[in-house]
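These are the residues of each chain, in order.
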Amino acid sequence: MRDLVHRLVGERTLKRDEFRALIASCDSQTLEYIRKESVRTAQERFGHGIFVRGLIEISSFCRNDCAYCGLRRSNRSAERYRLNHEQIIECCKEGYDAGLRTFVLQGGEDASLTDEWLEQIIYDIRHIYPDVAITLSLGERSYASYKRLYDAGATRYLLRHEAANEELYLKLHPQTMSHSNRIACIENLKEIGYQTGMGMMIGVKGQSVDDLVDDLLLMERIRPQMIGIGPFIPHRNTPLGDYPAGSVELTLLLLSIVRLMHPTALIPSTTALATLSADGRRMGILSGANVVMPNLTPPSERKKYAIYEDKASSGSEAVEGLKVLEQELNEIGYHIDYSRGDYKTNDTL
Ligand code: SAH
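A short tour of the structure in this document, coming up.

Calculation notes
Residues numbered from 1 in each chain as written. Predicted model: local features only at pLDDT ≥ 70, side-chain atom pairs only at ≥ 80, totals over all residues. Heavy atoms only, no water. Near = heavy atom within 4 Å. Polar contact = N/O pair within 3.5 Å; in protein donor to acceptor, adjacent residues only side chain to side chain. Areas by Shrake-Rupley, 256 points an atom, 1.4 Å probe, with all protein chains shown as cover. Buried < 20%, exposed > 50% of the residue type's maximum accessible area, 1.4 Å probe, protein only. Helix = DSSP H or I, 4+ residues; strand = E, 2+ residues; numbered from the N terminus. Pairing = 2+ DSSP bridges. Salt bridge = Lys/Arg side-chain N within 4 Å of Asp/Glu carboxyl O. 1 Å grid on protein atoms, 1.4 Å probe; cavity = no way out; pocket = protein on both sides within 12 Å on 5 of 7 lines; lining within 4 Å. Points joined across faces, edges and corners; volume = space filled by probe spheres on them. Nonpolar A, V, L, I, M, F, W, Y, C, P; charged D, E, K, R; others polar. Right-handed = clockwise from strand over helix to strand, strands pointing away. Contact = heavy atoms within 4.5 Å. Axes fitted to C-alpha atoms, helices over the stretch in contact; angles between N-to-C directions.

On to the site of the ligand. Among the 17 residues in the neighbourhood of the ligand, the closest are listed as Tyr68, Gly107, Arg160, Glu162 and Ile233. Residue Tyr68 places a main-chain N or O atom 2.9 Å away from a nitrogen atom belonging to the ligand. The contact in question runs from an oxygen atom of the ligand to an N or O atom on the side chain of Glu162, over 2.5 Å. About the coverage of the ligand: the protein hides 90% of its 560 Å² of free accessible area.

This part covers the pairing of strand β2 (residues 54-59). Burial of β2 is extensive: six of the six residues sit out of reach of the surface. Taken together, the five bridges between β2 and strand β3 (residues 102-107) define a ladder with parallel strand orientation. Bridged to Gly54 within β3 is Phe103.

Under the counting rule described, the total for this entry stands at 27 salt bridges. Note that Asp214 and Arg16 form a salt bridge whose closest N and O atoms lie 2.8 Å from each other. In this pair, Asp214 is assigned in helix α9 (residues 209-222) and Arg16 in helix α2 (residues 16-24), connecting sequence segments 198 residues apart. Across the pair Asp342 and Arg156 runs a salt bridge whose closest N-O atoms are separated by 2.8 Å. A residue pair is termed long-range when its members are at least 10 positions apart, and Asp342 in the segment after β9 (335-337) and Arg156 in strand β5 (residues 156-158) qualify at 186 residues.

On to empty space enclosed by the protein, then. Scanning the model with the defined rule gives two cavities of 30 Å³ or more in all. When its volume is computed, the second largest cavity comes out at roughly 40 Å³. Ala42, Gln43, Phe46, Gly47, Gly49, Ile50, Ile285, Ala289, Asn290 and Tyr334 together form the lining of the second largest cavity. At the level of secondary structure, the elements contributing two or more residues to the lining of the second largest cavity comprise α3 (28-46) and β1 (49-52). Of the residues forming the lining of the second largest cavity, the biggest block, three residues, is contributed by α3. When the residues that make up the lining of the second largest cavity are grouped by side-chain class, the tally is six nonpolar, four polar and no charged.

With respect to burial, strand β7 (residues 226-231) is a largely interior element, six of its six residues being buried. Burial along β7 is two-sided: the face carrying Met226, Gly228 and Gly230 and the face carrying Ile227, Ile229 and Pro231 are both buried. In the sheet, strand β6 (residues 195-202) pairs with β7 via six bridges, with the strands oriented parallel. Bridged to Gly197 within β7 is Met226. The handedness of the β6 to β7 crossover, carried by α9, is right-handed.

A word on the sheet that holds strand β8 (residues 291-292). The three strands are arranged β8-β1-β9 in an open sheet whose pairing can be described as parallel. Looking at the sheet topology across the chains shown, the edges are occupied by β8 and β9. In terms of strand pairing, β1 meets β8 through two bridges, oriented parallel. Its bridge partner lying in β8, Phe51 is registered against Val291. Docked against the sheet, helix α14 (residues 322-331) engages β1, β8 and β9, running at close to 120° with respect to β9.

Our focus in this paragraph is the layout of surface pockets. By volume, the largest pocket is sized at about 180 Å³. The wall of the largest pocket is formed by His235, Arg236, Asn237, Arg302, Lys303, Tyr305, Ala306, Tyr308, Glu309, Asp310, Lys311 and Ser313. Here the lining of the largest pocket is composed, by residue class, of three nonpolar, three polar and six charged.

Relative to the elements of secondary structure, Arg302 occurs in helix α13 (residues 299-302). Its relative accessible area of 7% is what places Arg302 among the buried residues. In this structure, the C-alpha to C-alpha distance between Arg302 and Ile56, residues 246 residues apart in sequence, is 9.4 Å. Reaching out from Arg302, the side chain makes a polar contact with the backbone oxygen of Asn295 at a distance of 3.3 Å.

What is shown is where atoms sit, not what they do.
Encoded structure:
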């Protein structure tokens, strides 16, 4: 096992069978060792700074019906909201005043989020705060739409691939969605010039070790600049409501492997990890993550953006808690890095 980790550190990859063995048979000592190596790799590039991104959940309406997500269309008891233009700008002001220099506009696939409407918001944020990075996470859109929003000033886009294995992908998503379109969207985003984020949940129903290896190999091929990995957490009003949450340890292992494969990638210690374990965020950082995304959504709406239950959105998960976050980070020898934290393309591997 140690030998496999050693090779992964040196070669940045392993063979399919080796990845499978590492994931299937990782014991606690191996996990400790690989986490240490991934932290070393992250520190070589990023020092002890952790980038912060202000997350603004702009709409909980969604036309999709993903089996895992509480915002799915057929969840009739979900409370729906959509922030208006002024509210979004207000969130940015709050975030900017707190020192944040990246805003992530995330939402369900809401037909009311037209290109015109988004363009105007992006344009305004760009003009009021010329020094911030604008990230979008609004699901699948056309090439023309992605291009238009890029031209308006958005430069990063998060679109997790969710499952590299097509069969698993189809089980988790409605018939209206296709694996090929998901991948095409990710490739379009890269081609347009976005810093692009991919990723998947750990422990979602039906996911095997082989599926995780497929995820690793797909991301190795596409080379996203950002990689989001968090445990699956059930939401009672979904078909996966009775399925248990993903394992924290397995999530930390995958974070570590991904860090070793992608030394320069921007990898968040996700809210899902912090939701499952009180110490989740720190454990994510101590497995190679280098980004945290405090919540900037107006507190009155936060609870309604329930992709899973009991989502952490207060304390150090929220923008009001940046001081708490700084303290938490200090305790493990890190600090908040308030710079935009763009992906550095000239950084050789
Ligand atoms: N509609 C956007 C944003 C989705 S929310 C899109 O399609 O990209 C962001 C991520 O949350 C998703 O990509 C998914 O991987 C994750 N997510 C959704 N439901 C979840 C759950 N029940 N547990 C853990 N993560 C979940």
